[in-house]
Amino acid sequence: MASVAIIRKNHILSSLLRRRTLHSRRTITTGRRSFAPSLSTSPVSRTKVLETFREEFEIGSRLMTLETGKIARFANGAVVLAVDDTNVLSTVCSAKGDGVRDFLPLTVDYQEKQFAQGVIPGTYMRREGAPKERELLCGRLIDRPIRPLFPAGFYHEVQVMASVLSSDGKQDPDVMAANATSAALMLSDIPWDGPIGMIRVGRIDGHLVVNPSMDELNLSDLNLVYACTRDKTMMIDVQAHEISEKDLEAAFRFAHPEAVKFIEPQLKLAAKAGKQKKEYKLSLVSERTMDKIRNLTEKPIEAIFTDPSYGKFERGEALDKIGQDVKGILEEEGDEESLKVLSKTVDTVRKQVVRRRILNEGFRLDGRCLDEVRPLYCEAGNLPGLHGSALFSRGDTQVLCTVTLGAPGDAQRLDSIVGPPTKRFMLHYSFPPYCINEVGKRTGLNRREVGHGTLAEKALTAVLPPELDFPYTVRINSEVMGSDGSTSMATVCGGSMALMDAGTPLRDHVAGLSVGLVTEVDSSTDNVEQYRILTDILGLEDHLGDMDFKIAGTRNGITAIQLDIKPAGVPLDIICESLEPAYKGRLQILEHMEKEISSARTQDGRNSPRLVTLKYSNDDLRRLIGPLGALKMKIEEETGARMSVSDGTLTIIAKNQSVMEKVLEKVDLIIGRAIEVGGVYKGIVTSIKEYGAFVEFNGGQHGLLHVSELSHEPVSRITDVISVGQQLSLMCIGQDLRGNIKLSLKATLPQKTKKYDAVEGSLNQSKQKPTHGKDSLSEQEDQTSTVKDLPEDTDLSTKPNPSYSSMSPIVIRSAVECDEEEKSAGLGSNLKNNSNLKPQRASKSKSSQVLKTLKSLSKFELASSKRPRITKPYLRTEKRMSYDDNYASSDEDKNEDESKSAILLYLEDQERKVEGRIDAKKLKLGMKVTAKVLQIRSRGLVLDLGGGIHGMHRFESDDSKQEFEVGNEVEAQCTSFTSKGVPVMSIIQDD
């Protein structure tokens, strides 16, 4: 018996194994996947075949593809839309449970990850963070046309996720994502009354373009996004450059048939791979409950809405009281079913009462006519401490706009996969809870705030000046102070006035308002039987109406549009008809705005920002920035200004003029600016010599401040006036023969009304032209003696010498180069002894007077930095003795005459006694020597005076150069010495 049992058991096992083997060889083919058979005994991986469905179509000369079945197979619906190398995936999922709610919890998430363009994110974690503004805006663009097409009472949670898989940067993926979402909803089992088609239209040179590329959009004056069903409009979004209502209507009618082309491919794809729609439970109010609550609330609601004296909050409190009274009645009756839907049912009754009154009587909640704009209030510059500000009120809606101007480097950086990398104009819209008398919590980016701010930003962008004319970065901050309808359009009005208050040269004012719609639809045919268009709608009219049509523009045309609707579409004819009342209302608002401020204010106020753009070499800019930007950041911290550096350009923006001057001063000390004669620069004394001081200025360059240029008074010790490390304001007065910059401190100081000593006074009088009498002294202005080189005391202004301003920009030598040149020339001792020149041949009876006079003369000769050209090689003493008799009448003038006569007698004596060639080392003023022409330069000669000493001679004109040759011997007379002790010679010409 046991053996029989064992045999039977083995037989059963073998039959089971045989059946399993046969079963494993059978190919399983279900509707969408199959498994290849495996005939080998060893385990081998099997190949999975994914069944995909595709639809190809062409719109605007671009081939597009809809594909499903390959990826995201677990979603309720998933579609990939491809155009060229841009691919967008859109998925749709619905929650399984039935939540208790009275609204549709639809969430649309749009995401652009950096892998789509082959880039690793630049964040610290190297991954994407919170949604960016563009992602929120694209999510709203998808949400607005699909939300009205969900059936009434469908309150199940639905989530749409659109992701850019790859992008070539040529096509904006936002419209592609919307069409892919429509196709995914058609494939899913979620109830939805689609599909829709969305198209983008541009206008280039007056011609409308379908699906323009990003490069074409940059040339277009219209960016229209249009969404629709087969016969009705669902959504419109426009950014334009003052396009007329007539041209815009033509663009709408052009876009509608192009958008419908997206619908047929979606229907074909849904017929191939679509799921059967599920039966979802709809939250609908029964007729019995609706009639019961209507009978309790209709009369009190009509009484409130027919009384125009109610304000927004008074009306809301009265309606809440009605709801509380009805709730008490239902609680007494124990009607739990009615209590659950009480709030929504009262809202439905309220909606019916308002709409019926508007349609039948043509009156609105606040008693206005259908095309009437609410009372307006405009105020520009209400916050004078800011760059620009404005307060705009329309009815109970009130918005405060402020403008802040910044440097070009303050522009916002954008990380989107398409579009420009930066944005220099930003408008940030804020909707705080207090503006509607609520308590709330401030969070991060809000979809509604981002959407409203972007709409106002689009409206104002069209009138901004070009960046070359107005290089500022502009930020408008809009704070909603009170909300009762269309705060985004109030932001447009307030922002336009604030920009003009900030001095922004706008082409024209921009204003906006919202147009509403109330319709009566035949339920059997779904046709609009009656409608009313409302201008400047209230918040409650927006809530109870069918359309919120925001239109902004100037007198010349429209700059921005945003259309949102609540029913399943609005006929295009009604939308085009709404443009005319919007234009009339816009003109009324523009008139009030122009009365307040009609042009940009001048930027001359104390709080007006200043912007300067300077050109420097890249090496200079690197010095300004410093290691790791430390020097630049230090300047910004100390002054509060902002600096931005680009290739060869430095842009500085400061809060006001005083801050700008501080920044420019610091920049000049670091990298300097182009040196001009007569320009005033700030420098620091680096070293002090016996003959003057070397000053570092203008970004590390050096110049010489001679002892004669320290003060209008004689200076015995340089250290009594300046010290090493002291900062001075100096004027560039010229350049010496060796290329060194000559600086002057006294040129920046006012002269004192003080008489010089007798010698100087008499000599100055010999130069001045008297105010009366003969003009005998006017001829002495061309004399070339050292006596004429003395400074005048008649001009008491601090203006630079006009001879300086005629000089060209100069080259600078350092103090080290000057010292080396001085040592090589061997003139150091001569320069020291120059100030103590003593006459060699003077009579004993007049020696003391002559010596005293000559010392004074030599001192003033060396102190003078202005040496005119020598026109004659000899002294015309007879001219210097002729002056007005009025001057000689006083005792002081007699003493001056005696001093002057002593000087002239001495010089004449020197001329008479120096007849032959003398030793050049004993060269004195007025001596004649025989010299050789050593070099001929562009402006003069270098003469060999003998004994290793060289002198210089300046040409009187360009033709003088042709009269000399190297090696010629000439007779020269010493007329003066330079600050370095180099003798200045005059060529003696034969009479």
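Our structure is the block above this text.
Overview of the structure. (Residues numbered from 1 in each chain as written. Predicted model: local features only at pLDDT ≥ 70, side-chain atom pairs only at ≥ 80, totals over all residues. Heavy atoms only, no water.)

Moving on to the packing of helix α3 (residues 173-187) against helix α6 (residues 263-273). Two elements in contact, α3 and α6, have axes separated by 9 Å at closest approach and are oriented at 35 degrees. Both α3 and α6 take part in a crossing whose hand is right-handed. Between α3, through N179, S182, A183, M186 and L187, and α6, the contact on the second element is made entirely by Q266, L267, L269, A270 and A273. Residue classes in the contact of α3 with α6 are distributed as seven nonpolar, three polar and no charged. (Axes fitted to C-alpha atoms, helices over the stretch in contact; angles between N-to-C directions. Helix = DSSP H or I, 4+ residues; strand = E, 2+ residues; numbered from the N terminus. Left-handed = near helix turned anticlockwise from the far one by under 90°. Contact = heavy atoms within 4.5 Å. Nonpolar A, V, L, I, M, F, W, Y, C, P; charged D, E, K, R; others polar.)

What follows deals with α6. Taken residue by residue, α6 has I263, P265, Q266, L269, A270 and A273 as its buried positions. Each buried residue of α6 sits inside an arc of 160 degrees when the element is viewed along its axis, so together they form one side. (Buried < 20%, exposed > 50% of the residue type's maximum accessible area, 1.4 Å probe, protein only. Arc of directions from axis to C-beta.)

Core analysis: the largest hydrophobic core is formed by 137 residues, its most contacted members being L224, F252 and I561. Apart from residues no more than four positions distant in its own chain, I561 is found in contact with I236, D237, V238, L248, F252, L455, F549, K550, I551 and L579. Among the nonpolar cores identified, the runner-up in size contains 25 residues, and I304, F305, A318 and V326 belong to it. (Core = buried A, V, L, I, M, F, W, Y, C linked by side-chain atoms within 4.5 Å.)

As a further point, take unusual backbone geometry. Residue G194 is joined to P195 through a cis peptide bond whose omega torsion reads 5 degrees. Counting through the fold element by element, P195 comes out in the loop between α3 and β7 (197-204). Located in the positive-phi region is E242, a residue other than glycine, with phi close to 55 degrees. Following the sequence through the fold, E242 ends up in strand β10 (residues 233-243). Unusually for a residue other than glycine, N437 sits at a positive phi of about 55 degrees. With respect to the helices and strands, the residue N437 is situated in the loop between β16 (425-430) and α11 (447-461).

So, about the sheet that holds strand β12 (residues 388-394). Each strand in a sheet pairs with its neighbour through backbone hydrogen bonds, running either in the same direction (parallel) or in the opposite one (antiparallel). Spatially, five strands are ordered β11-β12-β13-β17-β16 in an open sheet, and the strand pairing comes out mixed. Only two strands of the sheet have a single neighbouring strand rather than two, namely β11 (376-380) and β16. Within the sheet, the average angular offset between the axes of one strand and its neighbour, ignoring direction, is 15 degrees. Helix-sheet contacts for α11 involve β16 and β17 (473-482), and the interaxial angle to β16 is about 140 degrees. Against the sheet, helix α15 (residues 579-596) touches β11 and β12, its axis set at about 35 degrees to β11. (Pairing = 2+ DSSP bridges.)

Residue placement: R140 occurs in helix α2 (residues 133-146). Salt bridges are absent for the buried R140, whose nearest opposite-charge side chain, D564, sits at 4.9 Å. (Lys, Arg positive; Asp, Glu negative; His and termini not counted. Salt bridge = Lys/Arg side-chain N within 4 Å of Asp/Glu carboxyl O.)

The subject of this paragraph is the sheet that holds strand β23 (residues 642-646). Pairing is antiparallel across the open sheet formed by three strands, whose spatial order is β22-β24-β23. Either end of the sheet is taken by a strand with one partner, and the two such strands are β22 (610-615) and β23. Recorded for the sheet is a direction-independent mean angle of 15 degrees between the axes of neighbouring strands. Where helix α18 (residues 657-670) meets the sheet, its contacts fall on β22, β23 and β24 (649-654), and the angle it forms with β24 comes to roughly 145 degrees.

So, about the environment of E112. Here E112 shows up in the loop between β5 (106-111) and α2. Sequence separation of E112 and S416 is 304 residues, and the distance between their C-alpha atoms is 7.3 Å. At a separation of 2.9 Å, a polar atom in the side chain of E112 contacts the side chain of R134. (Polar contact = N/O pair within 3.5 Å; in protein donor to acceptor, adjacent residues only side chain to side chain.)

The tally for this structure, following the rule as stated, stands at 51 salt bridges. Across the salt bridge formed by D109 and R447, the nearest N and O atoms sit 3.0 Å from each other. Of this pair, D109 sits in strand β5 while R447 sits in helix α11, and the two are 338 residues apart along the sequence. By relative accessible area, which is 24% here, D109 ends up partly exposed.

On to the pairing of β7. Most of β7 sits inside the fold, with eight of its eight residues counted as buried. Relative to strand β9 (residues 222-228), β7 runs antiparallel, the two being bridged by six bridges. Each residue of the ladder has a partner; that of M198, found in β9, is A227. Bridge count between β7 and strand β8 (residues 207-210): four bridges; the pairing is antiparallel. Pairing of R203 across the sheet is with L208, part of β8. Joining the antiparallel neighbours β7 and β8 is a turn of two residues, in which D205 adopts a positive phi near 55 degrees.

Such coordinate-based values are descriptive only and should not be taken to indicate function.
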